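Chains, contacts and geometry: an overview
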Amino acid sequence: MQVKFSVYFCSDEGERFFGAGPCELLLAVERLGSLRAAAHEMGMAYTKAFSMIKRAEKEFGFAMTQRTIGGKGGGGSTLTSQAQELLMRYQAYRTACGQSAQDLYNTYFSTFHPVRDLPLEKNRE
């Protein structure tokens, strides 16, 4: 048995707007230099990727990417310094949460050994 969890941020209305998906997308933008290429690599429509970034920008209140228009060298995107800091903090927070979750799991379940060889009884009336 193992513990699994997700770390994501929600708006004040309780709607998710940032988590593993947007984080992975931004890391791919940083690596590939393009939102379109990052979306393609993730098997995601560019419009969905663009929408995810716009939503995160709205909720955090700062730009995630800085775009350059095509031309002789082609266009592209780079992460803003705020987005880079966000990714660093999000990844560190997610790692710390994972360690805490594992520690809590060990505290509460390390000595829990349910009997597995008993058949489940069905409710009979």
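Above this text you will find the structure in question.
The sections below set out a description of the structure shown in this document. (Residues numbered from 1 in each chain as written. Predicted model: local features only at pLDDT ≥ 70, side-chain atom pairs only at ≥ 80, totals over all residues. Heavy atoms only, no water.)

Let's shift gears to the environment of Gln 84. Tracing the sequence through the fold places Gln 84 in helix 4 (residues 81–109). Sequence separation between Gln 84 and Glu 30 is 54 residues; the distance between their C-alpha atoms is 8.8 Å. With residues up to four places along the chain from it excluded, the contact list for Gln 84 reads Glu 30 and Leu 79. (Helix = DSSP H or I, 4+ residues; strand = E, 2+ residues; numbered from the N terminus. Contact = heavy atoms within 4.5 Å.)

In terms of nonpolar packing, the biggest core is built from 22 residues, with Phe 18, Leu 25, Leu 26 and Met 64 touching the most fellow members. Mapped onto this core, the elements with two or more residues apiece are strand 2 (16–18), helix 1 (20–32), helix 2 (35–41), helix 3 (46–60) and helix 4. Those residues in contact with Leu 26 that sit more than four places away from it in its chain are Phe 18, Ile 53, Met 64, Thr 65, Leu 79 and Leu 87. (Core = buried A, V, L, I, M, F, W, Y, C linked by side-chain atoms within 4.5 Å. Buried < 20%, exposed > 50% of the residue type's maximum accessible area, 1.4 Å probe, protein only.)

The next thing to look at is the packing of helix 1 against helix 4. Two numbers describe how helix 1 lies on helix 4: the axes approach to 11 Å, and their chain directions differ by 135°. Classified by the interaxial angle, the pair formed by helix 1 and helix 4 is oblique. Both helix 1 and helix 4 take part in a crossing whose hand is left-handed. Taking contact as the criterion, the partners of Ala 20, Cys 23, Leu 26, Leu 27 and Glu 30 in helix 1 are, on helix 4, Gln 84, Leu 87, Tyr 90, Gln 91 and Arg 94. (Axes fitted to C-alpha atoms, helices over the stretch in contact; angles between N-to-C directions. Parallel < 35°, antiparallel > 145°, perpendicular 65-115°, else oblique. Left-handed = near helix turned anticlockwise from the far one by under 90°.)

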